[in-house]
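Observations on the model geometry
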Amino acid sequence: MQIIKLDAIDSTNLYLKNLMSSLQARDYTVVVANTQTKGRGQMGTIWDSESGKNLTFSVLKLFKTFEVKHQFLLNIATSLAVYTTLNDMQIPDLKIKWPNDILSGNNKICGILIENILSGTKIQASVIGIGLNINQIEFNNLVNVSSLKLLTGIHYNLDEVLLNFMKNLEQLFETILTGKELELKQLYLKVLFKKDKVSTFKNDADQMFTGIIRNVNDNGKLLVEKEDEIFQEFDLKEIKLLY
Ligand code: BTN
C-alpha cells in the first residue's frame, strides 16, 4: 500500500483514473485529499465535505489475473469494510443502505463511489472512492446526514481511521479473491437497511409504492416484494427508498 496525501484536488477518483492511464499504477494506491473541488457522488451528484474535517479518499485496486465474478461484490466488500471499521469504533445503529451507503440510524455517514476500469468485459482495475463524515459537525440544510463526531462527541484522528479501514478492505478483498463471496453476501444482507421491513419507495416515474426488500441479486439489483407476492428487481436509477 502507498498513500498519497494531497491538499486539494478536483476529485480523488479522477486522480486515480488518470494515474491508471499513466502506467504508474500500483495495487492499493490510496489518495487522500483535504479538499476536493469537484467531489463526485453517485448518479452524477456532488460530494461536499468540509476541508480537513473528514476522510475523502480513493483506493486503486488492480485485478491482473483475476476476473471478478460479479462487479457488485466490490460494493459488498467495500461497504462491509466501512461497516466493520465503524463497528469496531462503537458507532451506534450501523446499517448498509443499498447499494452502499453507510447509515447510523436513518442518517448517512458515508458514501461510496466505485468506478471500474474495464478491459473488454473484464475488470482491469477499480477506483474505490470513499467519503466518510468524521469530524464535521455542521451540514447546512442537508437532512439525514451525520458524522462520527455528531454521533459520539469524540474528535477522531483521520489517519488512524484510514489505516483501520485499509486493513479491513484488504482482508475483505482477499475473501473475494479466495472464492468466499457467499459468506460476504450473507453478511451484507444481515446488515442491510430495511431488509424484510415494509418500506415506501418511489419508482423512476415518480410513483410511490410499498414493498419489502428481500434480496440483492448478483448484479446488484434490489429484489423487492410487492403486493400479492410479486417480486420485482430494480437498479439504482429505477428506485428510491423513501422510508
Ligand atoms: C455517494 O454519492 O454516496 C458517493 C460519494 C463518494 C464520495 C467520495 S469522496 C472521495 C472520492 N472522490 C470523489 O470524487 N468521490 C468519492
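The present account deals with the structure reproduced in this document.

Cut-off values and rules
Counting starts from 1 at the beginning of each chain's written sequence and moves along it residue by residue. A pLDDT threshold of at least 70 governs which residues receive local features in this predicted model, and a stricter bar of 80 or more applies before side-chain atom pairs are shown or counted, although totals over entire chains, interfaces and linings include all residues. To get the side-chain values, all heavy atoms of the structure are used, and hydrogens and water are removed first. A pair of strands counts as paired when DSSP detects no fewer than two bridges linking them. By definition, any uninterrupted DSSP run of H or I lasting at least four residues is a helix, any uninterrupted run of E lasting at least two residues is a strand, and each is numbered from the N terminus. Under this scheme, a helix contributes an axis fitted over its contacting stretch, all axes are lines through C-alpha atoms, and angles between N-to-C directions fall in the 0 to 180 degree range. We call two residues in contact when some of their heavy atoms are within 4.5 Å. Three labels apply to residues, based on accessible area from a 1.4 Å probe with only protein chains included: buried if under 20% of the type maximum, exposed if over 50%, partly exposed otherwise in between. Nearness is judged by heavy atoms alone; a residue qualifies as near a molecule or strand once a single heavy atom is within 4 Å of it. The definition of a polar contact used here is a pair of N or O atoms within 3.5 Å, where within protein one atom must be able to donate a hydrogen and the other to accept one, and adjacent residues in sequence count solely through side-chain atom pairs. Amino acid classes used here: Ala, Val, Leu, Ile, Met, Phe, Trp, Tyr, Cys and Pro are nonpolar; Asp, Glu, Lys and Arg are charged; the rest, including Gly, are polar. Any Lys or Arg side-chain nitrogen found within 4 Å of a carboxyl oxygen on Asp or Glu counts as a salt bridge.

1. Description of the sheet that holds strand E2 (residues 29–36)
On the basis of which strands lie adjacent, the open sheet formed by 7 strands has the order E1-E2-E3-E7-E6-E5-E4 and mixed pairing. Either end of the sheet is taken by a strand with one partner, and the two such strands are strand E1 (2–9) and strand E4 (94–97). Strand-to-strand twist across the sheet, computed as the mean angle between neighbouring axes with direction ignored, equals 20°. Examined bridge by bridge, E4 and strand E5 (residues 101–104) share 4 bridges and lie antiparallel to one another. Bridge pairing links lysine 95 to leucine 103 in E5. In this fold helix H1 (residues 12–21) packs onto E1, E2, strand E3 (55–62), strand E6 (107–119) and strand E7 (122–132), with an angle of close to 25° to the strand it touches most, E3. This element, helix H4 (residues 158–177), spans E1, E2, E3 and E7 of the sheet and lies at about 30° to E3.

2. A few points about unusual backbone geometry
Peptide bonds are mostly trans, and most non-glycine residues show a negative phi. Along the chain, tryptophan 98 connects to proline 99 via a cis peptide bond; the corresponding omega equals 0°. If you trace the backbone, proline 99 turns up in the loop between E4 and E5. Positive phi is not limited to glycine here, since asparagine 144 has a value of about 55°. Looking at the secondary structure, you find asparagine 144 in the loop between E7 and helix H3 (148–152). Unlike most non-glycine residues, aspartate 206 shows phi in positive territory, near 65°. What makes aspartate 206 exposed here is its relative accessible area of 55%.

3. Brief notes about the site of the ligand
Of all residues adjacent to the ligand, which total 21 residues, the nearest are Ser11, Gln36, Arg40, Gln42 and Lys108. Between the ligand and threonine 12 there is a distance of 3.0 Å, counted from a nitrogen atom to a side-chain nitrogen or oxygen. For the shell around the ligand, the secondary structure elements donating two or more residues are H1, E3, E6 and E7. Top element by residues in the shell around the ligand is E6. It accounts for 4 residues. Of the residues assigned to the shell around the ligand, the class counts are 5 nonpolar, 13 polar and 3 charged.

4. Considerations on the pattern of salt bridges
Considering all chains together, one arrives at 10 salt bridges under this definition. Across the pair lysine 53 and glutamate 50 runs a salt bridge whose closest N-O atoms are separated by 2.9 Å. In this structure lysine 53 comes out as partly exposed when scored by relative accessible area, which is 31%. Among the salt bridges present, the one from glutamate 225 reaches arginine 214, with a minimum N-O distance of 2.6 Å. In this pair, glutamate 225 sits in strand E10 (residues 222–226) while arginine 214 sits in strand E9 (residues 208–216), placing the two residues 11 residues apart along the sequence. A relative accessible area of 15% means that glutamate 225 is categorised as buried. Three or more residues joined by partner-sharing salt bridges are found here, namely Lys195, Asp196, Arg214 and Glu225.

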